[in-house]
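Residue strings, one per chain:
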Amino acid sequence: RKATVRDAINAFQTATEIKADESITYTMLATCYFDLGEVETSTLFIVKAVEMAPEDFNANMAAGQIFARNNQPEYALPYLQKAVELEPDNSPAIRNLAQAYYDTGNIEESIATYIKAIRTTLEMKAKADLYFNLGVLYNQAGDFDAAEDHFITALDLNPEDVEAILGMAQTFESNEKWRKAEKFYKELIYLEPENAAHYRGIARVLLQQGKQDQAQRYFEKSKKYK
């Protein structure tokens, strides 16, 4: 694969020599260098691409993704904001923007952006993921009822979503709804019987219900798995 990417880089570099004013060539070079792990070179090319064509959606989107994937959400944010400004109904751009807001600690903007993304996303699994992300955000914000609603919607759209089931279990536990939390931890154990964290989870909620013996049994089972 690396050899193929190198060949592509050579072709794009030749293209810049023939016609140096096309931003898409620099966008492609940036993407190729990022794939090779040459992040510094990648960022130089993508910044140049946006400087050449600041109103180009693809250049801004690629810049946002490159900086985000390099764990630099603060640099990704303005590019993704511009991408959404250029294509307001582009679901991938909106999702990337929502994640950038989240990664920079702006929970309120992240929630608002995820809600917008839900309105523009048609594919059911992608929509379920968005509802799950909203559930996580509401959980962090301490709005457990809203978190519960969004996790339930995520499960309705994708009933085998283990992360959503875990989200439900943790939300009910945080909200001190012990019996409901127990139900979802049991479902998690059914789906992932070798996950020690699920056994510890149900042990905790059983203790809260005064069921010490049952809790101890689940805790002992958790020791069998890592």
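Computed from a predicted model, the values in this text were never measured in an experiment. (Residues numbered from 1 in each chain as written. Predicted model: local features only at pLDDT ≥ 70, side-chain atom pairs only at ≥ 80, totals over all residues. Heavy atoms only, no water.)

Draft legend 1. Broad picture of the overall build of the chain. Within the chain, the regular secondary structure consists of 13 helices and zero strands. In the chain, the succession of α and β elements from N to C terminus is α-α-α-α-α-α-α-α-α-α-α-α-α. What you see for the chain is a C-alpha radius of gyration of 23 Å, clearly larger than the 17 Å of a compact globule of 226 residues, by over 25%. Along the three orthogonal principal directions, the C-alpha set of the chain runs to about 75 × 35 × 25 Å. Across the 226 residues in the chain, those meeting the buried criterion constitute 43%. (Helix = DSSP H or I, 4+ residues; strand = E, 2+ residues; numbered from the N terminus. Rg over C-alpha atoms; globule rule 2.2 N^0.38 Å. Buried < 20%, exposed > 50% of the residue type's maximum accessible area, 1.4 Å probe, protein only.)

Draft legend 2. Region of the structure containing helix α5 (residues 73–86). Counted at 1.5 Å a residue, the expected span for α5 with its 14 residues is 20 Å, and the 19 Å between its end C-alpha atoms agrees. Among the residues of α5, those classed as buried are P73, A76, L77, Y79, L80, K82, A83 and V84. In the core, the buried residues of α5 are packed alongside α3 (39–52), α4 (57–69), α6 (91–103) and α7 (107–120). (Expected span 1.5 Å × (residues − 1). Contact = heavy atoms within 4.5 Å.)

Draft legend 3. Highlighting the pattern of salt bridges. Under the definition given, this model contains eight salt bridges. In this structure, a network of salt bridges that share partners links the residues E55, K82 and E85. (Salt bridge = Lys/Arg side-chain N within 4 Å of Asp/Glu carboxyl O.)

Draft legend 4. Fine view of the packing of helix α9 (residues 144–157) against helix α10 (residues 162–174). In contact at an axis separation of 9 Å, α9 and α10 are set at 155 degrees when each is read in the N-to-C sense. With respect to α10, the axis of α9 lies roughly antiparallel. Helix-helix and strand crossings are classified by hand; for α9 and α10 the assignment is left-handed. Each of F144, A147, E148, F151, I152, A154 and L155 in α9 lies in contact with α10, whose residues at this interface are A164, I165, G167, M168, T171, F172 and S174. Partitioned by chemical class, the residues of the contact of α9 with α10 number ten nonpolar, three polar and one charged. (Axes fitted to C-alpha atoms, helices over the stretch in contact; angles between N-to-C directions. Parallel < 35°, antiparallel > 145°, perpendicular 65-115°, else oblique. Left-handed = near helix turned anticlockwise from the far one by under 90°. Nonpolar A, V, L, I, M, F, W, Y, C, P; charged D, E, K, R; others polar.)

Draft legend 5. Examining the packing of helix α12 (residues 196–208) against helix α13 (residues 212–222) more closely. Running from N to C, α12 and α13 point in directions that differ by 165 degrees, and their axes come no closer than 8 Å. Relative to α13, α12 is oriented roughly antiparallel. For the crossing formed where α12 meets α13, the hand is left-handed. On α13, the residues that touch A196, Y199, R200, I202, A203, L206 and L207 of α12 are Q212, Q214, A215, Y218, F219, K221 and S222. Among the residues forming the contact of α12 with α13, the class breakdown is nine nonpolar, three polar and two charged.

Draft legend 6. Layout of the side chain of H150. Following the sequence through the fold, H150 ends up in helix α9. Leaving out residues up to four positions away in the same chain, H150 has contacts with Y131, L134, G135 and Y138.

Draft legend 7. Region of interest: the layout of surface pockets. Put simply, the largest pocket is a space of about 150 Å³. Residues belonging to the lining of the largest pocket are distributed by class as follows: five nonpolar, three polar and three charged. (1 Å grid on protein atoms, 1.4 Å probe; cavity = no way out; pocket = protein on both sides within 12 Å on 5 of 7 lines; lining within 4 Å. Points joined across faces, edges and corners; volume = space filled by probe spheres on them.)

Draft legend 8. Examining the environment of N133 more closely. Inspection of the secondary structure puts N133 in helix α8 (residues 124–140). Sequence separation of N133 and I189 is 56 residues, and the distance between their C-alpha atoms is 22 Å.

Draft legend 9. The nonpolar core, seen in detail. Residues I46, F184, Y185, I202 and Y218 are the most contacted members of the largest nonpolar core, which totals 63 residues. The leading source of residues in this core is α4, at seven residues. Among residues more than four places away in sequence, those in contact with Y218 are K186, I189, Y199, I202, A203 and L206. (Core = buried A, V, L, I, M, F, W, Y, C linked by side-chain atoms within 4.5 Å.)

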